[in-house]
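As a plain string of letters, each chain reads:
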Amino acid sequence: MFSEEESRRILSIQFSDCANTDSWFWSEEKSGLYSVSSAYKMLQQQSGAWPVTGAETCWQNLWQLQVPAKVQHLVWRAMSGCLPTKDVVEEAAMVAWRIWLARNDILWNNKSTKALDVVKLARTNLVSWRNAQKQKSEPLLNVNYSKDLEHWRKPIVHKYKINVDGAIFEAENCFGVGIVIRDQAGHLVEAVSTSKVGVVTPKIDEVIGVKEALSWIKNHNLSDVEIETDSLVVVQAINGEVQMPS
């Protein structure tokens, strides 16, 4: 009934922890019904070309200006980020690179990628690369180096530390996450591992690992906890610096 690729994608869908009945709802409209205008607005906001508030008035004022149409068009392109500036050219180059990778995935791995995900991945990669070049982020894994060996560092401020990691088993069509909880003395409190059916990207695997860690904290009614991961993109996504495709 389904092709191998379709079956893989269906089995990769992760179920919600809630028992509520699902229903179709478009979050960008109060009525829950899809509209082209709200979809366009959402895409523009995701690209940073549309303010979260006040955008409608801004565009209305632009088109009411008593100037030649070509001047309005120039201003619109500048406000929409469509002019060939350095940032736009760099983003276009990253999108072209992600398109090339998506093409190779189809050709060699029989994996397809949505156009929107290609653009999101390109922007995420570009932001991550720029952050790495500027060295804005501190190392995510707190380690001590002694004779080229890494040593776990116990929490200084918080009472507990949770280390999170993920692993993908593509041949078995599944993935897993593991969390290790230690106290301030470095003593093991608990270790948890879980596996799920489906093939996801390493980034999503790490996100699910952080989610499992947060669930453990909630179930034990704790608050003085530090979570440690080695995924830069996940940390940036949590801080709102980048957007991750789901």
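All of these numbers come straight from a predicted model, not from anything done at the bench.

Details of the overall build of the protein chain
A tally of helices and strands in the protein chain yields eight helices and six strands. Going from N to C terminus, the protein chain has its helices and strands arranged as α-α-α-α-α-α-β-β-β-β-β-α-β-α. Looking at the protein chain as a whole, 27% of its 246 residues are labelled buried. Across the protein chain, contacts joining residues at least 24 apart in sequence account for 54% of those joining residues at least 6 apart. By element, 58% of the accessible surface of the protein chain is carried by carbon and sulfur atoms, the whole surface being about 17300 Å².

Considerations on the environment of Gly186
Residue placement: Gly186 occurs in the loop between β4 (174–183) and β5 (188–197). Note on Gly186: relative accessible area 27%, which makes it partly exposed. Along the sequence, Gly186 and Tyr160 sit 26 residues apart, while their C-alpha atoms lie 8.8 Å from each other.

Details of the sheet that holds strand β3 (residues 160–169)
Ordered by their spatial adjacency, four strands build an open sheet running β5-β4-β3-β6, and the pairing between neighbours is mixed. Each edge of the open sheet carries a strand with a single partner, namely β5 and β6 (225–228). When the angles between neighbouring strand axes are averaged without regard to direction, this sheet yields 20°. Pairing of β4 with β5, which is carried by nine bridges, proceeds in the antiparallel orientation.

Focus: the packing of helix α5 (residues 86–109) against helix α6 (residues 115–134)
In contact at an axis separation of 8 Å, α5 and α6 are set at 120° when each is read in the N-to-C sense. When the axis of α5 is compared with that of α6, the two are oblique. Relative to α6, the crossing made by α5 is right-handed. Contacts between α5 and α6 pair Asp87, Glu90, Glu91, Met94, Val95, Trp97, Arg98, Ile99 and Ala102 from the former with Val118, Leu121, Ala122, Arg123, Asn125, Leu126 and Arg130 from the latter. In terms of residue class, the contact of α5 with α6 is built from nine nonpolar, one polar and six charged.

Points about helix α7 (residues 202–219)
Its 18 residues give α7 an end-to-end C-alpha distance of 26 Å, which sits within 8% of 26 Å, the value for a rise of 1.5 Å per residue. Summarising the contacts, the buried residues of α7 are in contact with β3, β4, β5, β6 and α8 (232–238). Just beyond α7, the residue with positive phi is Asn221, at close to 55°.

Describing the packing of aromatic side chains
All chains considered together, the criterion is met by one aromatic pair. Against the face of Trp97 rests Arg98, its NZ or CZ located 5.4 Å from the ring centre.

Observations concerning the nonpolar core
Counting residues in each nonpolar core, the largest one holds nine residues, listed as Tyr160, Ile162, Val164, Ile179, Ile181, Ala213, Trp216, Ile217 and Val225. For this core, the elements supplying multiple residues, two or more each, are β3, β4 and α7. Ile181 has contacts with Tyr160, Lys161, Ile162, His187, Leu188, Val189, Glu190 and Trp216, leaving out every residue within four places of it along the chain.

Looking at the side chain of Asp205
Locating Asp205 in the fold gives a position in helix α7. Once residues within four sequence positions are removed from consideration, Asp205 is found in contact with Gly166, Ala167, Ile168, Phe175, Gly176, Val177 and Val200.

Considering the pattern of salt bridges
With the rule as written, the count across this model stands at five salt bridges. The partner of Arg123 in a salt bridge is Glu91, and the shortest N-O contact between them spans 3.0 Å. Of this pair, Arg123 sits in helix α6 while Glu91 sits in helix α5, and the two are 32 residues apart along the sequence. On the accessibility criterion, Arg123 (27% relative accessible area) is partly exposed.

A few points about the confidence of the model for the protein chain
For the protein chain, the mean per-residue pLDDT works out to 81, and 87% of the residues sit at or above 70. Contacts from residues 136–146, a stretch scored under 50 in pLDDT, to residues over four places away or in other chains number 27 contacts.

Rules and cut-offs
- Residues numbered from 1 in each chain as written.
- Predicted model: local features only at pLDDT ≥ 70, side-chain atom pairs only at ≥ 80, totals over all residues.
- Heavy atoms only, no water.
- Helix = DSSP H or I, 4+ residues; strand = E, 2+ residues; numbered from the N terminus.
- Buried < 20%, exposed > 50% of the residue type's maximum accessible area, 1.4 Å probe, protein only.
- Contact = heavy atoms within 4.5 Å.
- Areas by Shrake-Rupley, 256 points an atom, 1.4 Å probe, with all protein chains shown as cover.
- Pairing = 2+ DSSP bridges.
- Axes fitted to C-alpha atoms, helices over the stretch in contact; angles between N-to-C directions.
- Parallel < 35°, antiparallel > 145°, perpendicular 65-115°, else oblique.
- Left-handed = near helix turned anticlockwise from the far one by under 90°.
- Nonpolar A, V, L, I, M, F, W, Y, C, P; charged D, E, K, R; others polar.
- Expected span 1.5 Å × (residues − 1).
- Phe/Tyr/Trp six-rings, centres within 6.5 Å; stacked < 30°, edge-to-face > 60°.
- Lys NZ or Arg CZ within 6 Å of the ring centre and 35° of its normal.
- Core = buried A, V, L, I, M, F, W, Y, C linked by side-chain atoms within 4.5 Å.
- Salt bridge = Lys/Arg side-chain N within 4 Å of Asp/Glu carboxyl O.
- pLDDT = per-residue confidence, 0-100.

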